[in-house]
Amino acid sequence: MIKLAPSILSADFSKLGDEVRRVVDAGADYIHIDVMDGTFVPNITIGSPVVKSLRKTTKATFDVHLMVEHPETQVKAFAEAGADIITFHVEAAKHPHRLIQEINEAGCKAGIAIDPGTSLAMIEELVQDVDMVLIMTVNPGFGGQEFIPSTLDKIHMLSHEIHDLGYDCDIEVDGGINPETAALVTSAGANVLVAGSAIYGADDAKAAIDAIRAAEQPHVCHDHHHEE
Ligand code: DX5
Ligand code: ZN
């Protein structure tokens with residue numbers, strides 16, 4: 001069973017509490033919170049004080065996606081604000097292994113994210129220590145972009161690696177996810193799906209969530225990805 005994580009980036013920020021409740025009631029598994037600093041990516045979104053306020057409105061799992069430079073400076077604040085999972089970009093971290101430890105010590109699950117242009121080789125030594133790998137399926141920074149198909153190979157390879165080596169690690173995908181691309185990423189091996197515009201852009205959030213769930217495909221194994 002996949003997990004669905006609506007991204008509040010596409011929500012109405014003037015009534016964020018209601019917007020979170022709306023997708024939780026519609027069956028969301030996680031609330032995906034996009035934190036942007038205006039440097040790692042062009043936009044600035046929200047910081048830990050907003051997460052702290054939202055924490056009072058729901059018990060849902062907060063999946064915090066840090067798109068920031070110097071992510072090590074943010075862990076404590078987001079953990080105290082009520083984050084459950086903290087994911088940072090390997091492209092932004094000087095000492096990613098230490099940062100994973102710090103996230104865990106702060107009481108959160110740790111995730112590591114890679115851009116479409118970043119190779120899995122960059123996180124090879126880290127996969128065994130994280131709870132989740134986030135394979136970006138668009139370039140980070142904006143909602144509503146088009147899914148990048150070349151990311152499917154990475155999802156596939158990572159999924160085999162996790163399976164073959166027996167790691168306990170989720171594969172999250174983020175960007176351009178709708179029922180059509182949900183079928184592709186789940187057959188490649190992703191099991192946590194972020195969706196912003198496809199859920200918040202729909203009139204009926206529950207129908208949108210149900211449509212993405214219904215698109216789930218069994219993992220299809222392509223032999224050429226097996227290294228045996
Ligand atoms: C992009 C963010 C995403 C974004 C996805 O940088 O990380 O979480 O909200 O939006 P959609 O689903 O519209 O592509
Ligand atoms: Zn995100």
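Right above here is the structure, for reference.
Figured I'd write up the structure that's included with this text. The residue count restarts for each chain, going from 1 along the sequence in the order it is written. Key to labels: chains lettered from A, ligands numbered from 1, both in the order written. With the structure being a predicted model, the display of local features is reserved for residues of pLDDT at least 70 and the display and counting of side-chain atom pairs for 80 or more, all residues being used for whole-chain, interface and lining totals. Excluding hydrogens and water, the side-chain values take into account all heavy atoms of the structure.

### Let's talk about the overall build of the chain
Part 1 of the reasoning: Runs of H or I in DSSP of at least four residues are treated as helices and runs of E of at least two as strands, each being numbered from the N terminus. Of regular secondary structure, the chain possesses eight helices and eight strands.
Part 2 of the reasoning: Here the radius of gyration uses the C-alpha set of atoms, whereas the globule reference equals 2.2 Å times the residue count to the power 0.38. Relative to the compact-globule value of 17 Å for 228 residues, the chain shows a C-alpha radius of gyration of 16 Å, a close match.
Part 3 of the reasoning: Expressed along its principal axes, the backbone C-alpha trace of the chain runs to roughly 50 × 40 × 30 Å.
Part 4 of the reasoning: Think of it in three bands: residues with accessible area under 20% of the maximum for their type are buried, residues over 50% are exposed, and the middle band is partly exposed, with areas taken using a 1.4 Å probe on protein chains only. Of all 228 residues assigned to the chain, the portion counted as buried reaches 51%.
Part 5 of the reasoning: Working rule for contacts: check all heavy atoms of both residues, and any pair within 4.5 Å makes them a contact. Taking as baseline every contact in the chain between residues at least 6 positions apart, the subset at least 24 positions apart corresponds to 66%.
Part 6 of the reasoning: Only the protein chains shown count as cover for residues, and the accessible areas themselves come from Shrake-Rupley with a 1.4 Å probe. Accessible area for the chain stands at about 10400 Å²; split by element, carbon and sulfur atoms hold 49% of it.
Part 7 of the reasoning: Charged side chains in the chain number 15 positive and 36 negative. The centres of these two groups are separated by 12 Å. Charged-residue counts in this description rest on Lys and Arg as positive and Asp and Glu as negative, His and the chain ends being excluded. In this description, the location of a charge corresponds to atom NZ of lysine, CZ of arginine, CG of aspartate or CD of glutamate.

### Looking at the nonpolar core
Part 1 of the reasoning: Counting residues in each nonpolar core, the largest one holds 65 residues, and the members touching the most others are Ile 8 and Leu 193.
Part 2 of the reasoning: Once residues within four sequence positions are removed from consideration, Leu 193 is found in contact with Ile 2, Lys 3, Leu 4, Ala 5, Val 173, Ile 177, Ala 182, Val 185, Thr 186 and Ile 212.
Part 3 of the reasoning: Among buried residues, the Ala, Val, Leu, Ile, Met, Phe, Trp, Tyr and Cys ones that are joined through side-chain atoms within 4.5 Å form a nonpolar core. In this structure, Ala 5, Tyr 30, Ile 85 and Val 194 belong to the second largest nonpolar core, which totals six residues.

### Some points on the sheet that holds strand S4 (residues 85-89)
Part 1 of the reasoning: Here, any two strands with at least 2 DSSP bridges between them count as paired. As summarised here, the arrangement of the eight strands in space is S1-S8-S7-S6-S5-S4-S3-S2, forming an open sheet in which the pairing is parallel. Where the open sheet ends on each side, the last strands, each with one partner, are strand S1 (3-6) and strand S2 (30-36). Across the sheet, the mean angle from the axis of one strand to that of its neighbour is 25°, orientation sign disregarded.
Part 2 of the reasoning: Across three bridges, the pairing between strand S7 (residues 170-174) and strand S8 (residues 192-195) is parallel. Counted as the bridge partner of Asp 174 is Val 194 from S8.
Part 3 of the reasoning: In this analysis, axes come from line fits to C-alpha atoms, helices being fitted only over the stretch in contact, and the angle between any two N-to-C directions falls in the range 0 to 180 degrees. Sheet strands in contact with helix H4 (residues 96-105) are S4 and strand S5 (109-114), and its direction is about 145° off that of S5.
Part 4 of the reasoning: Those strands touched by helix H8 (residues 205-214) are S1 and S8, and its axis lies near 140° from that of S1.

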